[in-house]
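# Coordinate inspection notes
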Amino acid sequence: MELDLRTVMRHFATGVGVVSTFTPDPGAPGGRRHDAITVNSLIPVSCAPPLVALFLRHGSLFLADLLASRRWGLSILAAGGQDTARLLARSRPGRQEVLGALPAAPGEHTGALLFEGPGWMECALADSFTVGDHLMVVGTVLATGVRARQDPLVFLHGSMTSAGAARGPKTATAS
Ligand SMILES: Cc1cc2nc3c(=O)[nH]c(=O)nc-3n(C[C@H](O)[C@H](O)[C@H](O)COP(=O)(O)O)c2cc1C
C-alpha cells in the first residue's frame, strides 16, 4: 500500500500559532536577537504537570535557538493573523526583516515574544525526543493568557483560513 501521509493530513484541521525564542546578541536591543516561526503542531500533553508539545524539523535554525535558550512563547493566531503566519513561515533572513514591525512584546516569564491573538503561553523546555525527521519538544507551561474570543486561524486543505470559512456556507435544510 502506498502511503500518502501529506494528502490524508490535508483533511485534518489544526489551529495555527507562532512560537518564539531568542538568542543572546550584545549588538541587539536588549541584548537579544528574537526569532519566531509559524507552527501548527502544538498539542496539549498533560494538565498536572502542565505540559505541551511541538514538533520542530531537525536542522531548523529556530529549533537550534530554542534548544539553547530552553524558553519559548507560543501565541495562538486569530483569522486576522494570516499575514503574520505567512511572514513567519519564511526562512530566517525573511523573518528577521519583518519581525521588528510585527506587534509583539516580550513575555514576563521567558522574555520570548508574545504576539496578538486570542491566547498565549510561555514555556520552559522539559524534554525532547527525536521522532523521525522532527524533534518533539515538550515544554512546561509557566504562564498562560487569554484575550477576547476571536475567530481562530485554521490550517486545512493546505491553506490558512478562518474557522468560519472552513465551515463553509450553511447547507439549507429541507422543511
Ligand atoms: C501553517 C504552517 C505550519 C507550520 N508548522 C510547523 C511545525 O509545526 N513545525 C516546523 O518545524 N515547521 C512548521 N512550519 C514551517 C516553519 O514556519 C518555518 O518555515 C521553518 O521552521 C523555517 O525553518 P528554519 O528555522 O530553519 O528557518 C509551518 C509552516 C506553516 C505555513
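How each quantity is defined
- Residues numbered from 1 in each chain as written.
- Predicted model: local features only at pLDDT ≥ 70, side-chain atom pairs only at ≥ 80, totals over all residues.
- Heavy atoms only, no water.
- UniProt positions renumbered as here; feature names shortened; annotations may be inferred.
- Helix = DSSP H or I, 4+ residues; strand = E, 2+ residues; numbered from the N terminus.
- Rg over C-alpha atoms; globule rule 2.2 N^0.38 Å.
- Buried < 20%, exposed > 50% of the residue type's maximum accessible area, 1.4 Å probe, protein only.
- Areas by Shrake-Rupley, 256 points an atom, 1.4 Å probe, with all protein chains shown as cover.
- 1 Å grid on protein atoms, 1.4 Å probe; cavity = no way out; pocket = protein on both sides within 12 Å on 5 of 7 lines; lining within 4 Å.
- Points joined across faces, edges and corners; volume = space filled by probe spheres on them.
- Nonpolar A, V, L, I, M, F, W, Y, C, P; charged D, E, K, R; others polar.
- Core = buried A, V, L, I, M, F, W, Y, C linked by side-chain atoms within 4.5 Å.
- Contact = heavy atoms within 4.5 Å.
- Arc of directions from axis to C-beta.
- Near = heavy atom within 4 Å.
- Polar contact = N/O pair within 3.5 Å; in protein donor to acceptor, adjacent residues only side chain to side chain.
- Sits in = over half its atoms within 2 Å of the grid points.

The name recorded for the chain in an unreviewed UniProt entry is Flavin reductase family protein, from Streptomyces physcomitrii. Turning to the chain, the UniProt record has this under Sequence similarities (unreviewed entry): "Belongs to the non-flavoprotein flavin reductase family."

Once that is clear, we can look at the overall build of the chain. Secondary structure assignment for the chain yields five helices and 12 strands. Taken against the 2.2 N^0.38 rule, which gives 16 Å for 175 residues, the C-alpha radius of gyration of the chain at 17 Å falls within 12% of a compact globule. With the C-alpha coordinates of the chain rotated into their principal frame, the extents come out at 65 × 40 × 35 Å. Split into buried and exposed, the 175 residues of the chain put 41% on the buried side. Accessible surface for the chain amounts to roughly 10200 Å². Of this, 58% is attributable to carbon and sulfur atoms.

As a further point, take the layout of surface pockets. Its boundaries defined by the atoms lining it, the largest pocket holds a volume of some 1300 Å³. If you go around the largest pocket, you meet 32 residues; those closest to its centre are Arg6, Asn40, Ser41, Phe55 and His134. Of all the secondary structure elements, the ones that give two or more residues to the lining of the largest pocket are helix 1 (5-9), strand 3 (32-39), strand 5 (51-57), helix 2 (61-69), helix 4 (92-99) and strand 11 (153-156). Counted by class, the lining of the largest pocket contains 16 nonpolar, nine polar and seven charged residues. Computed from the structure, the second largest pocket encloses a volume of approximately 160 Å³. Surrounding the second largest pocket, Leu77, Ala78, Gly80, Gly81, Thr84, Leu102, Pro103, Phe115, Glu116, Gly117 and Gln150 form its lining. Each residue belonging to the lining of the second largest pocket can be placed in one class, and the counts come to five nonpolar, five polar and one charged.

Let's shift gears to the UniProt feature "domain: Flavin reductase like" (unreviewed entry) in the chain. Sequence positions flagged by UniProt for "domain: Flavin reductase like" (unreviewed entry) are, in local numbering, residues 9-162. Measuring from the first to the last C-alpha atom of residues 9-162 gives 18 Å, for a span that is 16% helix and 49% strand.

Let us look at the nonpolar core. Core analysis: the largest hydrophobic core is formed by 17 residues, its most contacted members being Val19, Val39, Leu56, Leu66, Trp72 and Val137. When contributions to this core are tallied by element, the ones reaching two or more residues are strand 3, strand 5, helix 2, strand 6 (71-76), strand 9 (119-131) and strand 10 (134-146). Beyond its immediate sequence surroundings of up to four residues, leucine 56 is in contact with Ile37, Val39, Phe62, Leu63, Leu66, His134, Leu135 and Val137. Counting residues in each nonpolar core, the second largest holds 13 residues, with Leu77, Val98, Leu99 and Leu102 among its members.

What follows concerns helix 2. Among the residues of helix 2, Phe62, Leu63, Asp65, Leu66 and Ser69 are the ones counted as buried. End-on, the buried residues of helix 2 take up no more than an arc of 160 degrees, which puts them together on one face. If you follow the buried residues of helix 2, they end up packed against strand 2 (17-24), strand 3, strand 5, strand 6, helix 4 and strand 10. Following helix 2 by one or two positions, arginine 70 has its phi on the positive side, about 60 degrees.

Attention now moves to the environment of arginine 57. Relative to the helices and strands, arginine 57 is located in strand 5. For the pair arginine 57 and glycine 100, spaced 43 residues apart in the sequence, the C-alpha separation amounts to 24 Å. If sequence neighbours within four positions are ignored, arginine 57 has contacts with Leu63, Asp133 and His134.

Bringing the site of the ligand into the picture now. Not every one of the 16 residues close to the ligand is listed here, only the nearest: Thr38, Ser41, Ser60, Ala89 and Arg95. Within the side chain of serine 41, one N or O atom sits 2.6 Å away from an oxygen atom of the ligand. A distance of 2.8 Å is found between an oxygen atom of the ligand and a backbone nitrogen or oxygen belonging to alanine 89. Considered on its own, the ligand offers 630 Å² of accessible surface; in the complex 81% of this is hidden by protein. Among the cavities detected, the one that contains the ligand is the largest pocket. Sorting the residues of the shell around the ligand by element identifies strand 3, strand 5, helix 2 and helix 4 as the ones contributing at least two each.

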